[in-house]
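# Commentary on secondary and tertiary structure
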2 protein chains.
Amino acid sequence: MSTYWQRLNARTDARGNLCVGIDPHPPLLKAWGVADDPSGLERFARRIVEVLGERVAVFKPQSAFFERHGSAGIAVLERVLRDIEAVGALSILDVKRGDIGSTMGAYADAYLVDGAPLAADAITVSPYLGFGSLQPAFDAAHRFGRGVYVLARTSNPEGHLVQLALGEDHEGSVAQEIIDAASSANAASRQAAIGLVVGGTHNDLGCDVSGFNASILVPGIGFQGGRIEDLPALFGDAVDVVLPAVSRDVIGAGPDAAALHDRVDRLLAAAVQTP
Amino acid sequence: MSTYWQRLNARTDARGNLCVGIDPHPPLLKAWGVADDPSGLERFARRIVEVLGERVAVFKPQSAFFERHGSAGIAVLERVLRDIEAVGALSILDVKRGDIGSTMGAYADAYLVDGAPLAADAITVSPYLGFGSLQPAFDAAHRFGRGVYVLARTSNPEGHLVQLALGEDHEGSVAQEIIDAASSANAASRQAAIGLVVGGTHNDLGCDVSGFNASILVPGIGFQGGRIEDLPALFGDAVDVVLPAVSRDVIGAGPDAAALHDRVDRLLAAAVQTP
């Protein structure tokens, strides 16, 4: 069995270090000239994979925009995940799930187990119920060679109220405790299956990710104001494990294939040019 | 338009103060003699509403157990939500969603907007990205007379690491900041649409919910160790707005109708007998 970390590195070595977000916002559907319904959603999302699927290492479908359309939207998401697999790219399904015990186990069953209709290479999870509550997802990721990205320090301006609160031992922030717990779990498993989500919009992260031992997914690039060129300064030596995620700045150029490729080429060039 | 708070109080006044969780755990499906597939899921979940739908005020389907079965499971969830509406009960869909900006808006579209395939009377949300990040859900709830329950202090043993961390102003915990922010938002809207999730398993909540001005959903009763009889001591004067949620201790008795009714009767009697 290959681990998520091994597959991720193989894909980004071959295709460049970029994750393209598949976020079927209603205004984007409109700009593409497709309806805000399951058929429009399907044309939009599968077209992105059709055009960029052999060029881009990783795709990140945003579940919320599929859930808007109920079970018909989720059926589209199933097909998008299979498309991504078929073209040799990886999927990070952005679901930000978080629960406890057997309920967290059910989310792991839904997204991280071989043969599940919505199985993805990795998912995002949210640790408001405590890092330890996510253990069923970590267990499934380790068992099935998949990945889990834990929200640590998000890109939005409201995040600091929870994430930079001071942990009970008064030695560091909530975000730092999560970073350190993920790092320890990866050291124990030797799989590097537990990544982080850290926004790329901050001038100062407010937490220390140096030496982090798995993938760091960095949304907030482009529309939200983060820039690929700024990632080395922001992440220091951890920039080597950063996976920048760009959504509207790529998919806003569609459905034209040349325009979509042009956006990806520019972003990959920006990443390569950084020292 | 009736508000969620008005509908909730009308239902609990008429039927008693109890929320029955619909959690189709695989071991429960097995105990019921139904398959762990979408057809078994459908028999299980819809049977609970069929038997108890006119007796119980509120049902809380747990989304994770439907997501396990992909789009076919979500199609069952759509039918369960419509069943709950048809029998005059309320639905709190336990999804614990939390995201930012237009993505949070998409979750609001999915669950809190009239006509959405998965529209529920209320949902649960998770505030790791900050209370303010949930505003699109609050806006939809206010506009459509629905409710939002924000995780504050959860029932599991790992929750304190985030929830009892000390906020940046060093005046209270993360959970307390969320409780206070919800209270202020309810005072401003005059709708009491923003409830809390506070676990019933603690000896000491570690936060102050006295005077809270909307519904407090209290899971953790029964299987996890909380007792309805203990809620007055735990919640003080806020016990008047507590909605106890019980899952396995009710639905574990099914599919026999008399056994399901007996469990509900006992729980409602326990709630009434408290001073």
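The structure this text deals with has already been given above.
Described in the following lines is the structure provided in the data block. Everything numeric here is computed off the predicted structure, so don't read it as measured data.

### Quick look at the relation of the copies chain B and chain A
Rotating chain B by 180° about the axis while translating it 0.0 Å along that axis superimposes it on chain A, leaving an RMSD of 0.0 Å. Taken together, the turn and the small shift mark the pair as related by a two-fold rotation axis. Both copies present the same face, since 100% of the interface residues in chain B are matched by interface residues at the equivalent positions in chain A.

### What to know about the interface of chain B and chain A
When the parts of a complex come together, some accessible area is lost, and that lost area is often used as the size of the interface. With 59 residues of chain B at the interface, the matching set in chain A holds 59 residues. The interface formed by chain B and chain A holds six salt bridges in total. Between B:Arg97 and A:Glu67 there is a salt bridge whose closest N-O contact spans 2.9 Å. When residues of the side of chain B that touches chain A are traced back to their parent elements, those giving at least two are helix H4 (63-67), helix H5 (70-86), strand S3 (90-97), helix H6 (101-111), strand S5 (147-153), helix H8 (160-163) and helix H9 (174-189) of chain B. Looking at the side of chain B that touches chain A, the element that brings in the most residues is H6(B), giving seven residues. In terms of residue class, the side of chain B that touches chain A is built from 25 nonpolar, 22 polar and twelve charged.

### Re the pattern of salt bridges
For the structure shown, the criterion picks out 34 salt bridges over all chains. The partner of A:Asp99 in a salt bridge is B:Lys96, with the nearest N and O atoms 2.8 Å apart. Of the two residues, A:Asp99 sits in the loop between strand S3 (90-97) and helix H6 (101-111) while B:Lys96 sits in strand S3, which places them in two different chains. The pair A:Asp99 / B:Lys96 is uniform in exposure class, with both members buried. Via salt bridges that share partners, A:Glu42, A:Arg46, A:Arg79 and A:Asp83 belong to a single interconnected network.

### With respect to unusual backbone geometry
Cis geometry marks the peptide bond from A:Gly254 to A:Pro255, where omega comes out at 5°. Here B:Arg190, not a glycine, exhibits a phi torsion of approximately 55°, which is positive. The residue B:Arg190 is located in the loop between H9 and strand S6 (194-198) in this model. Look at B:Arg190 and you get exposed, because its relative accessible area is 76%. Backbone geometry at B:Ala192 places phi at a positive 50°, although glycine is not the residue there. In this fold, B:Ala192 is placed in the loop between H9 and S6. By relative accessible area, B:Ala192 is classed as buried at 11%.

### What about H6(A)?
For H6(A), the buried fraction is high: eight of the eleven residues fall into the buried class. Along H6(A), the residues that are buried comprise A:Thr103, A:Met104, A:Gly105, A:Ala106, A:Tyr107, A:Ala108, A:Ala110 and A:Tyr111.

Rules of the game
Residues numbered from 1 in each chain as written. Chains lettered and ligands numbered in written order. Predicted model: local features only at pLDDT ≥ 70, side-chain atom pairs only at ≥ 80, totals over all residues. Heavy atoms only, no water. Least-squares fit on C-alpha atoms with pLDDT ≥ 70 in both. Contact = heavy atoms within 4.5 Å. Salt bridge = Lys/Arg side-chain N within 4 Å of Asp/Glu carboxyl O. Helix = DSSP H or I, 4+ residues; strand = E, 2+ residues; numbered from the N terminus. Nonpolar A, V, L, I, M, F, W, Y, C, P; charged D, E, K, R; others polar. Buried < 20%, exposed > 50% of the residue type's maximum accessible area, 1.4 Å probe, protein only.

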